[in-house]
Amino acid sequence: MSLITINGAKKLKGSVRLQGAKNSVLPILAGTVLIKGISVIHNCPALSDATAAIKILRHLGATVSCEGHTVTVDSREITAFDIPDELMREMRSSIFFLGAISARMGRAVLSSPGGCELGPRPIDLHLSALNELGLTIDEGGGVLNCSCPNGYTGADINLSFPSVGATENIILAAVTAKGVTRINGAAKEPEISDLADFLNSAGANIHGAGSDTVIINGVGSLSGATHTVIPDRIEAATYLAAVAATGGKIELLNVIPAHLAPVLTVLKQSGCEINVSGKSIVLTATARPKRVPVIRTLPYPGFPTDAGSPLMAMFTLADGSTMFVENIFENRYKVVDELKRFGAKIYTNGRVAVVEGVKSLSGATVQCTDLRGGAALVVAALAANGTSEIGKISHIDRGYEGLIENLALLGADIKRC
Ligand code: EPZ
């Protein structure tokens, strides 16, 4: 099992060009299943989650070729409607293939996505919405055996929670449904808008993506499209948190600042200097972070849950206590015990975590608990005095392309071994 070793307490300086958004490219790749044509997706990040999605496409019968950050999907021939258990286990969020496969094939068989590091990842909102659109679902023995032999029929769907994945699944199922589908209470994340932009360029008729009401007018078929994936806002937040923790200066290139506005607000409150122009963000950190009283994670456009862990690592060094309130995932604080190994002082109670800033952290041997928790451990190790070793870094490879290489170029003493 490979490790990351870091000799910390070095200021970081330089620029990083962001990867394409992991949480955008995954539903977009699923969306190619709906298309009887050839689609070209640019700015695809080289991530293990993206590789898992490509494996699923190939299993379904698509021909997929990758050249640099461009993935070409020929989905004229889709012959299968199942996702093998091992592929489902590789990526829990494969559940949003359900809407696309069932819409194309009239059937879909996949295993119930297990829980993940963040807690039980229920899919009740996905299944009840797809059922309202016409999917019959037989759940037994951990397998979802689904069918809609006559295709989907548009309906009014009311989401009790703005689930990102459920919103994406409904859109993917409704794009070629008969009639109109209206999603009330939809998730508003930028990745939803990116998916809609891709599908509309393939001939779909989707309005309101990015708002809490999305209207999908079903169309007969979709044709191949070309699309460039939006930049990854969580990757952006991670690099900013790293420099805020170590001190230094970073320029992020190819970023959409509006996508991480709440994160920039918190970083400014912590004393960082932030300059935004066009698709660039420059952050300068010259002093110890100031505490921020409360950081609440919320659905977009609120503070993103995925940025909570990397910023928590940064606030372990603040000049006072910062309270995090996690409103999205139950087990977001699994990383806390690992952060404490660096000497961090963090007290959790349910969804509340109080981070009492300390003057310095010390290198430690830790293990990743989940993707963003792994990013938090890297941030802490970069700021810590001494050497750290981080294990189970396959979690990090799921969501960060070239993290080690980029940090080394910023001046970090970091190696994968
Ligand atoms: C997406 O997960 C992202 N993953 C997550 O990013 C992100 O944290 C999350 O949205 C929130 O923004 C991808 O896009 C691949 P949800 P998703 O459905 O769709 C509950 C990362 O690190 N819920 O919005 O699974 C659920 O338990 C990952 O990049 C139900 O109760 O998130 C959770 O508490 C982590 N029933 C909350 O809603 C359902 O049917 C948010 O889930 C679905 C969800």
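Since this is a predicted model, take the numbers as computed values, not measurements.

This brings us to the domain arrangement of the protein chain. You'll often see interface size given as the accessible area lost when the parts meet. Along its sequence, the protein chain is carved into domain 1 (4-19 + 231-416) and domain 2 (22-228). A straight line from the C-alpha centre of domain 1 to that of domain 2 covers 30 Å. Each side of the interface is counted separately: domain 1 has 26 residues, and domain 2 has 20 residues. For the pair domain 1 and domain 2, the summed buried surface comes to about 1,900 Å²; carbon and sulfur atoms form 52% of the total. Looking at the side of domain 1 facing domain 2, the largest losses of area belong to Tyr300, Arg398 and Glu401, adding up to 32% of the total buried there. Our count for the domain 1 to domain 2 interface comes out at two salt bridges. Residue Arg233 pairs with Glu191 through a salt bridge whose shortest N-O separation is 2.8 Å. Counting across the domain 1 and domain 2 interface gives eight residue pairs in polar contact (both at pLDDT 80 or more). Per element, the largest residue contribution to the side of domain 1 that touches domain 2 is three residues, and it comes from helix α13 (residues 394-397). Classifying every residue of the side of domain 1 that touches domain 2 gives seven nonpolar, eight polar and 11 charged.

Let us look at the sheet that holds strand β18 (residues 294-296). An order of β18-β19-β21-β20 is seen for the four strands of this open sheet, with the pairing classed as mixed. Of all strands in the sheet, those with a lone pairing partner are β18 and β20 (345-349), marking the two edges. When the angles between neighbouring strand axes are averaged without regard to direction, this sheet yields 15°. Bridge count for β18 against strand β19 (residues 321-325) is three bridges, and the pairing is parallel. Opposite Val294, over in β19, you have Met323 as the bridge partner. Relative to the sheet, helix α10 (residues 305-315) contacts β18, β19, β20 and β21 (352-356), its axis offset from that of β19 by approximately 165°.

The next point concerns the pattern of salt bridges. Enumeration according to the criterion identifies 10 salt bridges in this entry. Between Arg76 and Asp74 there is a salt bridge, with its nearest N and O atoms 2.5 Å apart. Where Glu338 meets Arg341, a salt bridge forms, and the shortest distance between an N and an O atom there is 3.5 Å. Residue Glu338 is classed as buried on the basis of its relative accessible area, which comes to 13%. Each of Lys22, Asp49 and Arg398 takes part in salt bridges that share partners, so that together they form one network.

Bringing the packing of helix α9 (residues 261-269) against α10 into the picture now. Helix packing for two helices is described by the angle between their axes and how far apart those axes are. α10 packs onto α9 with a crossing angle of 5° between their chain directions and a minimal axis gap of 12 Å. Between α9 and α10, the crossing angle belongs to the class labelled roughly parallel. Side by side, α9 and α10 meet where Val263, Val266 and Leu267 of the first sit next to Ala307, Leu311, Met314 and Phe315 of the second. When the residues that make up the contact of α9 with α10 are grouped by side-chain class, the tally is seven nonpolar, no polar and no charged.

Below, the discussion takes up the layout of surface pockets. Counted as a void, the second largest pocket has a volume near 240 Å³. Forming the boundary of the second largest pocket are 17 residues, of which Ala245, Thr246, Gly247, Leu317 and Ala383 lie nearest the centre. Looking at the lining of the second largest pocket, its residues break down into nine nonpolar, five polar and three charged.

In the neighbourhood of the ligand, 24 residues make up the surrounding shell, with Asp124, Leu125, Ser163, Asp306 and Ile328 lying closest. Within the side chain of Asp124, an N or O atom sits 2.7 Å from a nitrogen atom of the ligand. Contact distances for the ligand include 2.7 Å between an oxygen atom and a side-chain N or O atom of Ser163. For the ligand, whose accessible area on its own is 820 Å², the fraction buried by protein is 87%. When contributions to the shell around the ligand are tallied by element, the ones reaching two or more residues are α1 (22-31), α5 (124-132), α6 (164-174), α10 and α12 (371-383).

To continue, consider empty space enclosed by the protein. Under the defined criterion, the tally for this structure stands at two cavities of 30 Å³ or more. Within this model, the largest cavity holds a volume of roughly 50 Å³. Forming the boundary of the largest cavity are Thr297, Gly308, Ser309, Met312, Phe324, Glu326, Arg332 and Tyr333. The greatest single-element share of the lining of the largest cavity, amounting to three residues, is contributed by α10. A per-class count over the lining of the largest cavity returns three nonpolar, three polar and two charged. Estimates place the volume of the second largest cavity at around 40 Å³.

A few words now on the sheet that holds strand β12 (residues 206-207). Overall, mixed pairing links the four strands, which are arranged β10-β11-β13-β12 in an open sheet. The two strands at the open ends of the sheet, each matched to only one other strand, are β10 (156-158) and β12. For strand β11 (residues 180-184) and strand β13 (residues 213-217), the ladder comprises five bridges, and the chain directions are antiparallel. Bridge pairing in β13 places Ile183 opposite Val214. Against the sheet, α6 makes contact with β10, β11, β12 and β13, and its axis sits at roughly 170° relative to β11, the strand it touches most.

Here is what the cut-offs are and how they apply
- Residues numbered from 1 in each chain as written.
- Predicted model: local features only at pLDDT ≥ 70, side-chain atom pairs only at ≥ 80, totals over all residues.
- Heavy atoms only, no water.
- Domains from an automatic or database assignment.
- Contact = heavy atoms within 4.5 Å.
- Buried area = accessible area lost by both parts, 1.4 Å probe.
- Salt bridge = Lys/Arg side-chain N within 4 Å of Asp/Glu carboxyl O.
- Polar contact = N/O pair within 3.5 Å; in protein donor to acceptor, adjacent residues only side chain to side chain.
- Helix = DSSP H or I, 4+ residues; strand = E, 2+ residues; numbered from the N terminus.
- Nonpolar A, V, L, I, M, F, W, Y, C, P; charged D, E, K, R; others polar.
- Pairing = 2+ DSSP bridges.
- Axes fitted to C-alpha atoms, helices over the stretch in contact; angles between N-to-C directions.
- Buried < 20%, exposed > 50% of the residue type's maximum accessible area, 1.4 Å probe, protein only.
- Parallel < 35°, antiparallel > 145°, perpendicular 65-115°, else oblique.
- 1 Å grid on protein atoms, 1.4 Å probe; cavity = no way out; pocket = protein on both sides within 12 Å on 5 of 7 lines; lining within 4 Å.
- Points joined across faces, edges and corners; volume = space filled by probe spheres on them.
- Near = heavy atom within 4 Å.
- Areas by Shrake-Rupley, 256 points an atom, 1.4 Å probe, with all protein chains shown as cover.

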